[in-house]
Number of protein chains: 2
Amino acid sequence: MNTIRSQNRIAAVLVGVLAFTATIAHAADPLPSWNDGAAKKSIIAFVEKVTKRGSPDFVPAAERIATFDNDGTLWAEQPMYFQLFFALDRVKALAPQHPEWKDKEPFASILKGDVKVALAGGERALVEIFMATHAGMTTAEFQQIVKNWIATAKHPVTKRPFTEMVYQPMLELLTYLRANGFKTFIVSGGGIEFMRPWTEKVYGIPPEQVVGSSIKTKFEWRDGKPVLTRLPELNFIDDNVGKPVAINQHIGRRPIAAFGNSDGDLQMLQWTTADTGARFALIVHHTDAAREWAYDRQSSIGKLDKALDEARAKGWTVVDMKNDWKRIFVFEK
Amino acid sequence: MNTIRSQNRIAAVLVGVLAFTATIAHAADPLPSWNDGAAKKSIIAFVEKVTKRGSPDFVPAAERIATFDNDGTLWAEQPMYFQLFFALDRVKALAPQHPEWKDKEPFASILKGDVKVALAGGERALVEIFMATHAGMTTAEFQQIVKNWIATAKHPVTKRPFTEMVYQPMLELLTYLRANGFKTFIVSGGGIEFMRPWTEKVYGIPPEQVVGSSIKTKFEWRDGKPVLTRLPELNFIDDNVGKPVAINQHIGRRPIAAFGNSDGDLQMLQWTTADTGARFALIVHHTDAAREWAYDRQSSIGKLDKALDEARAKGWTVVDMKNDWKRIFVFEK
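Reading the values: the criteria
Residues numbered from 1 in each chain as written. Chains lettered and ligands numbered in written order. Predicted model: local features only at pLDDT ≥ 70, side-chain atom pairs only at ≥ 80, totals over all residues. Heavy atoms only, no water. Helix = DSSP H or I, 4+ residues; strand = E, 2+ residues; numbered from the N terminus. Buried < 20%, exposed > 50% of the residue type's maximum accessible area, 1.4 Å probe, protein only. Areas by Shrake-Rupley, 256 points an atom, 1.4 Å probe, with all protein chains shown as cover. Lys, Arg positive; Asp, Glu negative; His and termini not counted. Charge placed at Lys NZ, Arg CZ, Asp CG, Glu CD. Contact = heavy atoms within 4.5 Å. Core = buried A, V, L, I, M, F, W, Y, C linked by side-chain atoms within 4.5 Å. Pairing = 2+ DSSP bridges. Axes fitted to C-alpha atoms, helices over the stretch in contact; angles between N-to-C directions. Least-squares fit on C-alpha atoms with pLDDT ≥ 70 in both. Salt bridge = Lys/Arg side-chain N within 4 Å of Asp/Glu carboxyl O. Buried area = accessible area lost by both parts, 1.4 Å probe. Polar contact = N/O pair within 3.5 Å; in protein donor to acceptor, adjacent residues only side chain to side chain. Nonpolar A, V, L, I, M, F, W, Y, C, P; charged D, E, K, R; others polar. 1 Å grid on protein atoms, 1.4 Å probe; cavity = no way out; pocket = protein on both sides within 12 Å on 5 of 7 lines; lining within 4 Å. Points joined across faces, edges and corners; volume = space filled by probe spheres on them.

## Some thoughts on the overall build of chain A
- Along its length, chain A carries 13 helices and seven strands.
- The proportion of buried residues among the 333 residues of chain A is 52%.
- On chain A, roughly 15,100 Å² of surface is accessible, and the fraction owed to carbon and sulfur atoms is 55%.
- With 42 positive and 38 negative side-chain charges, chain A shows a spacing of 6 Å between the two charge centroids.

Here's what the structure looks like:
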């Protein structure tokens with residue numbers, strides 16, 4: 001072959017390879033666990049319009065920021081936030097070093113197995129539980145504690161590891177968005193350092209794309225090495241009005257898509273959708289008492305009331321778990 | 001051609017294309033503005049060992065985090081931090097709305113052009129200047145103010161736009177690291193929202209990879225739209241012991257390479273190099289009074305004293321600007 005013919009052949013082959021790859025990508029359903037319906041259609045329509053070059057809604061890849069709440073949006077949150085199971089397990093594990101806890105609430109009730117009484121102390125009891133179990137060690141030590149717990153702890157109802165109580169349709173959604181150039185972030189009320197040890201493996205979201213609540217840390221020296229010590233002092237609560245603040249602080253640009261399930265996500269959804277250009281907001285509505293849990297306006301965990309009204313008024317996508325999802329948890333066949 | 005022959009040909013062509021590309025990449029000097037010397041060699045040796053599969057020092061791409069100080073490391077910082085020029089220009093621009101500033105320090109001296117007297121008020125004067133110019137507007141408004149200023153302001157000595165007073169060798173280093181799978185972050189004492197409007201264009205570093213000092217913001221409603229208002233209240237000082245804290249908070253994993261120029265970067269360099277595995281620390285030493293500035297142990301801006309001693313004791317790379325850099329600023333031919 002002469003050079004020109006050879007070059008033409010290379011070009012033809014490359015074009016053929018690309019066209020073939022595109023055909024495969026188009027043929028496969030990117031969201032197989034989603035029933036065909038309005039929710040699935042709205043997701044695909046949004047992704048297609050913001051990724052189509054020349055479309056008036058086209059968004060450059062660098063600006064395709066998508067933020068996800070975690071509890072109740074990516075994994076379950078009943079009968080209580082999973083991080084609270086972690087905290088209670090830690091109270092039990094640490095009890096031998098704290099003989100005084102036998103006579104001190106909320107610890108005494110936790111050790112007697114009476115969580116309800118322990119939590120009756122409200123926010124103050126919660127803060128005491130969290131500070132006693134989340135502070136006082138280095139960041140590296142805490143990371144290891146979380147890794148050990150998440151690898152072994154089981155959910156009291158399903159008896160499954162907590163990382164298998166992740167929603168399969170949401171995993172598909174994360175993958176679909178990333179395949180379309182989106183950068184996916186978690187923006188959760190949960191502890192930033194409680195999530196980071198496992199989000200990369202479970203969700204494909206690296207630590208630097210995890211935003212959450214935090215306590216303060218301090219740089220100091222221990223045995224000739226620098227460490228960061230976790231202090232029993234709140235730094236930031238990443239919930240409600242805190243979510244847009246944290247998004248601005250950590251990401252520094254406004255998401256074009258946001259995903260939540262409760263009133264704690266409302267401000268994130270408002271912030272995401274208030275700017276010009278194509279925007280997408282989605283709420284996971286827990287409607288399946290048989291396969292998961294059914295709760296919304298009256299629930300103390302994951303209360304969904306104002307955000308549900310606003311979603312309907314503004315035309316945000318509301319996922320009806322019972323009807324929109326073929327499969328709920330990762331562990332289901 | 002039959003199918004098998006055709007497939008073989010496709011494979012052969014693709015292998016050829018890849019091999020050719022690899023040859024080009026290998027042949028070009030990734031750091032052309034660096035003189036051949038110990039500093040340049042140490043950078044290339046580090047990058048090659050952490051990216052070589054099978055090497056005992058291999059680091060997976062996801063863990064190739066590199067953090068850069070900004071002032072004095074990526075762009076100049078003399079005769080004073082560039083953000084301070086911005087603040088002083090803002091005082092002048094806002095003066096008509098603040099008739100009381102004529103009789104109130106540090107503003108009165110700034111308006112009379114006597115910056116030295118204004119800054120004689122020390123930290124308290126600085127905080128007053130920063131709060132008066134950096135707070136009181138929405139984040140979107142502040143972003144626009146910074147964009148307008150950075151597009152028009154000129155450095156008093158070189159008369160160049162500040163974004164051209166960026167170090168060409170450091171731009172090449174950023175590009176070289178990214179081409180080798182590194183994720184590059186800024187970790188600066190400068191304002192996070194002062195840097196984000198221009199770092200992507202100038203350094204190729206997106207907003208979500210910029211970490212800096214910050215003031216608090218508040219989510220509220222204005223004219224029926226959600227905004228984040230910048231409050232005159234410090235949130236975080238990202239300097240000295242603050243840098244490892246901020247790295248942990250924003251990135252959530254330890255860098256394997258860090259780059260600074262002053263004692264304010266010392267803890268970041270200590271934190272980066274204290275863990276196991278291949279680690280790299282580099283200090284830009286300002287030694288070129290002719291082409292840039294020469295300063296270190298005695299300087300009030302960018303003081304380099306303890307970190308210089310520690311760099312020598314620990315074998316960190318120290319860049320001698322005068323001898324290691326062929327070209328300093330982007331604007332030089």
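## What about the environment of A:Thr138?
All names here are of chain A.
- In this fold, threonine 138 is placed in the loop between helix H6 (122–134) and helix H7 (139–152).
- Threonine 138 gets classed as buried once you look at its relative accessible area, which sits at 6%.
- Ignoring anything within four residues of it in the chain, the contact list for threonine 138 reads Arg222, Val227, Leu228, Thr229 and Arg230.

## Some words on the nonpolar core
- In terms of nonpolar packing, the biggest core is built from 71 residues, with B:Trp34, B:Met170, B:Tyr203 and B:Phe259 touching the most fellow members.
- Looking at this core element by element, the count peaks at eight residues for helix H3 (residues 82–94) of chain B.
- Once residues lying within four places of it in the same chain are set aside, the contact partners of B:Trp34 are B:Ala39, B:Lys40, B:Ile43, B:Pro169, B:Met170, B:Glu172, B:Leu173, B:Leu282, B:Val319, B:Asp324, B:Trp325 and B:Lys326.
- The next biggest cluster of nonpolar side chains, apart from the first, holds 70 residues, and it includes A:Ile43, A:Leu74, A:Met137 and A:Leu174.

## Things to note about the sheet that holds strand S3 (residues 210–222) of chain B
Residues and elements named next belong to chain B.
- The sheet built from seven strands is open, its strands ordered S4-S3-S2-S1-S5-S6-S7 with mixed pairing. Each of the sheet's edge strands pairs with one partner strand only, and the pair in question is strand S4 (225–236) and strand S7 (317–320). Each strand of the sheet is rotated relative to its neighbour by a mean of 30°, with strand direction disregarded.
- Judged from the eight bridges that link them, S3 and S4 form a sheet pairing that is antiparallel. Among the inter-strand pairings, arginine 222 is bridged to a residue of S4, identified as lysine 225.
- Contacting strand S1 (65–68), strand S2 (183–191), S3 and S4, helix H10 (residues 242–250) crosses the sheet at an angle of about 130° to S2.
- Docked against the sheet, helix H12 (residues 306–314) engages strand S6 (280–285) and S7, running at close to 130° with respect to S6.

## What about the environment of B:Val245?
- With respect to the helices and strands, the residue B:Val245 is situated in helix H10.
- Judged by its relative accessible area of 13%, B:Val245 falls in the buried class.
- Residues within four places of B:Val245 in sequence aside, it is in contact with A:Thr217, A:Lys218, A:Phe219, A:Leu228 and B:Phe236.

## Here's the deal with the relation of the copies chain A and chain B
- You can overlay chain A on chain B at an RMSD of 0.0 Å; the transform is a turn of 180° with a shift of 0.0 Å along its axis. Both chain copies can therefore be described as sitting about a two-fold axis. Closest to the rotation axis within chain A is the C-alpha of A:His250, separated from it by 3.2 Å.
- When you check the interface residues of chain A against chain B, 100% turn up at the interface there too, and the contact is symmetric in its surfaces.

## Quick word on the pairing of S1(B)
Residue and element names in this part refer to chain B.
- On S1, burial covers both faces: Ile65 and Thr67 on one face and Ala66 and Phe68 on the other are all buried.
- Pairing geometry for S1 and S2, over four bridges, is parallel. Looking at the pairing, isoleucine 65 lines up with lysine 183 of S2.
- Strand direction decides the pairing type here: S1 and strand S5 (residues 257–260), joined by three bridges, are parallel.

## Description of the sheet that holds strand S3 (residues 210–222) of chain A
Residues and elements named next belong to chain A.
- Reading across from one edge, S4-S3-S2-S1-S5-S6-S7 is the order of the seven strands in this open sheet, with mixed pairing throughout. Each of the sheet's edge strands pairs with one partner strand only, and the pair in question is strand S4 (225–236) and strand S7 (317–320). Taking each pair of neighbouring strands and ignoring which way they run, the sheet shows an average axis angle of 30°.
- Two elements, strand S2 (residues 183–191) and S3, share three bridges in a ladder whose sense is parallel. Paired with valine 187 across the bridge in S3 is valine 211.
- Strands in contact with H6 are S3 and S4; relative to S4, the strand with the most contacts, it is inclined by about 175°.

## Digging into the pattern of salt bridges
- Throughout the structure, instances matching the rule amount to 34 salt bridges over all chains.
- The salt bridge partner of A:Glu200 is B:Arg253, with a shortest N-O separation of 3.1 Å. With A:Glu200 in helix H9 (residues 192–203) and B:Arg253 in the loop between H10 and S5, the pair connects residues from two separate chains.
- For A:Glu200, a relative accessible area of 32% corresponds to the partly exposed category.
- A:Asp305 is the salt-bridge partner of A:Arg297, the closest N and O atoms lying 2.7 Å from each other.

## Points about the interface of chain A and chain B
- The interface of chain A with chain B comprises 42 residues on the first partner and 42 residues on the second.
- For the pair chain A and chain B, the summed buried surface comes to about 3,500 Å²; carbon and sulfur atoms form 55% of the total.
- The three residues of chain A that bury the most area against chain B are A:Glu208, A:Phe219 and A:Gln249, which together make up 18% of that side's buried surface.
- For the pair chain A and chain B, the number of links is six salt bridges.
- Counting across the interface, chain A meets chain B through 22 residue pairs in polar contact (both at pLDDT 80 or more).
- Put simply, the parts of the chain that give the side of chain A that touches chain B at least two residues each are helix H1 (3–27), S2, H9, S3, S4, helix H10 (242–250) and helix H11 (266–273) of chain A.
- Considered class by class, the residues forming the side of chain A that touches chain B number 22 nonpolar, 11 polar and nine charged.

## What about empty space enclosed by the protein?
- Summed over the entire model, instances satisfying the criterion amount to two cavities of 30 Å³ or more.
- As for the largest cavity, its lining consists of A:Asn70, A:Asp71, A:Trp75, A:Tyr81, A:Phe82, A:Gln83, A:Ser188, A:Gly190, A:Gly191, A:Phe194 and A:Met195.
- At the level of elements, helix H3 (82–94), S2 and H9 of chain A are the ones that each hand at least two residues to the lining of the largest cavity.
- Among the elements that line the lining of the largest cavity, the one with the most residues is S2(A), at three residues.
- For the lining of the largest cavity, the class distribution of residues is five nonpolar, five polar and one charged.
- Approximately 30 Å³ is the volume attributed to the second largest cavity.
- Breaking the lining of the second largest cavity down by element, the ones donating at least two residues are S2 and helix H9 (192–203) of chain B.
- In terms of residue count, S2(B) provides more of the lining of the second largest cavity than any other element does, three residues in total.
- Counted by class, the lining of the second largest cavity contains three nonpolar, five polar and one charged residues.

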